[in-house]
Amino acid sequence: MGAGREPGEATDDPRRAVLVAASLLACGGLELPDVFRRFQRWAAAGPKDVDLQTEAVLSSGDPWDTAAALHFQVSRRVAGNGAMGAPPCSSETESSGERAAPSAVYFARLGGDATVDAARRLAAPAHGDRAAREGAAVLHELVRVALAGDDPLAAVADALRAVRSDHRDRYAAALAPDRHPDLATEFNGAVRPCPASAVRALRTTTGYEDAVRAAIDLGGDTDTVAAVSGGPAGAVHGTGAVPTRWTEALRVPLPGFGGRVPRAADPADMADRLETGPGRAGDAGLSGRPLPHRAPLTGFLSPEPSHSAFRASVVALASAAR
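Described below are features of the structure shown in this document. (Residues numbered from 1 in each chain as written. Predicted model: local features only at pLDDT ≥ 70, side-chain atom pairs only at ≥ 80, totals over all residues. Heavy atoms only, no water.)

### Re the environment of alanine 44
- Mapped onto the elements of the fold, alanine 44 is located in helix H2 (residues 32-44).
- Alanine 44 sits in the partly exposed class, given a relative accessible area of 38%.
- Put simply, alanine 44 and glutamate 55 are eleven residues apart on the chain and 7.9 Å apart in space, counted from C-alpha to C-alpha. (Helix = DSSP H or I, 4+ residues; strand = E, 2+ residues; numbered from the N terminus. Buried < 20%, exposed > 50% of the residue type's maximum accessible area, 1.4 Å probe, protein only.)

Pasting the structure below:
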């Protein structure tokens, strides 16, 4: 299964998506320091598949809003495998889209501008390459359109108009209907080929399972590409289209969070809460107050301790889980 994982065990990409969702619900909005601290806590607990660049960024001790940029300035490498960024070449920055679904769902009710802004904000602390932020913006907008009951494929042109002008042409080429993934010059988990693969999966299939399988069949960075593709495919086809045999086996171990291993029902419950959006019933609103939540995730949906507390002691952080 790779990296010593068991069948049904989530890779690093959906794990961080769950952490983003938990932060949104705990804080009543997108609080980037809280997201970063959750990633730090996860990485410090020795997950199976954190890559070296990501680990370096999260353990650097630098502030959340400069850690990735400082790491890139020194090493010329962007943190990879979806957590913070990319392989050695910044032109091949890895997509942040595998973490896009929670915030795309959360901000969808506020409209396109708010959704795109949230996408860029979520990607910015992790990606020195602005292209990654624009890819996240495209994915957020397509998910928003699908959740509104419209056709995301028909909205690709509109989504591209939201992309900053200095990145628009390359995204337009990557997302063109006649563009085949084999034509990409970057690896398929990179910032442009990855959302392009997600869009192609929608174009060439008629169901959720087929879309995810089409993404996996491309090979390469299969977990990232499948995670990214699953967001818009799920928004189009709905949760009822997700095969039961997949959800029954799903487990999402979260090292650093008191031994919690969310199963399918936990992300599903979180998704229901995310759908209310900021400031709506069942949400903490914009006040940042923690949400009440049913067991076993009560402490998991509390804002993270301060950055200085994390740096002082990983053990103290682990014991702080409530």
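Now that the structure is up, let's keep going.
### Some points on helix H12 (residues 222-237)
- With 16 residues, H12 extends 21 Å from end C-alpha to end C-alpha; this agrees with the ideal 22 Å at 1.5 Å per step.
- The principal kink in H12, of about 30 degrees, is found at glycine 230, preceding the proline proline 232 by one to four residues.
- All of the buried residues in H12 are Thr224, Val225, Ala226, Val228, Ser229, Gly230, Gly231, Pro232, Ala233 and Ala235.
- Looking one or two residues past H12, glycine 238 carries a phi angle of roughly 85 degrees, positive in sign. (Expected span 1.5 Å × (residues − 1). Bend = angle between axes of the 7 residues up to and from the residue.)

### Observations concerning the packing of helix H10 (residues 193-204) against H12
- Contact geometry of H10 with H12 gives a least axis separation of 8 Å together with a crossing angle of 40 degrees. On the basis of their axis angle, the class for H10 and H12 is oblique. The way H10 lies across H12 gives a crossing that is right-handed. The segment H10 lies against H12, with Cys194, Pro195, Ser197, Ala198, Ala201 and Leu202 engaging Thr224, Val225, Val228, Ser229, Pro232, Ala233, Val236 and His237.
- Tallied by class, residues from the contact of H10 with H12 come to ten nonpolar, four polar and no charged. (Axes fitted to C-alpha atoms, helices over the stretch in contact; angles between N-to-C directions. Parallel < 35°, antiparallel > 145°, perpendicular 65-115°, else oblique. Left-handed = near helix turned anticlockwise from the far one by under 90°. Contact = heavy atoms within 4.5 Å. Nonpolar A, V, L, I, M, F, W, Y, C, P; charged D, E, K, R; others polar.)

### Let's talk about the environment of valine 261
- Looking at the element boundaries, valine 261 is found in the loop between helix H13 (244-249) and helix H14 (265-274).
- Under the relative-accessibility criterion, valine 261 is labelled partly exposed at 32%.
- Separated by 252 residues in sequence, valine 261 and glutamate 9 have C-alpha atoms that sit 9.7 Å apart.
- Apart from residues no more than four positions distant in its own chain, valine 261 is found in contact with Arg251, Val252 and Pro253.

### Describing the pattern of salt bridges
- Under the counting rule described, the total for this entry stands at 13 salt bridges.
- Between arginine 16 and aspartate 12 there is a salt bridge; the shortest N-O distance is 2.8 Å. One end of the pair, arginine 16, and the other, aspartate 12, are both in helix H1 (residues 12-27), four residues apart, so they sit about a helical turn from each other.
- On the accessibility criterion, arginine 16 (1% relative accessible area) is buried.
- Residue arginine 120 pairs with glutamate 134 through a salt bridge whose shortest N-O separation is 2.8 Å. (Salt bridge = Lys/Arg side-chain N within 4 Å of Asp/Glu carboxyl O.)

### Let's talk about the layout of surface pockets
- Estimated volume of the second largest pocket: approximately 260 Å³.
- Around the second largest pocket, the lining comprises 20 residues; the ones closest to its centre are Ala174, Arg179, Ala184, Pro193 and Ala196.
- The leading source of residues in the lining of the second largest pocket is H10, at seven residues.
- Here the residues of the lining of the second largest pocket sort into ten nonpolar, four polar and six charged. (1 Å grid on protein atoms, 1.4 Å probe; cavity = no way out; pocket = protein on both sides within 12 Å on 5 of 7 lines; lining within 4 Å. Points joined across faces, edges and corners; volume = space filled by probe spheres on them.)

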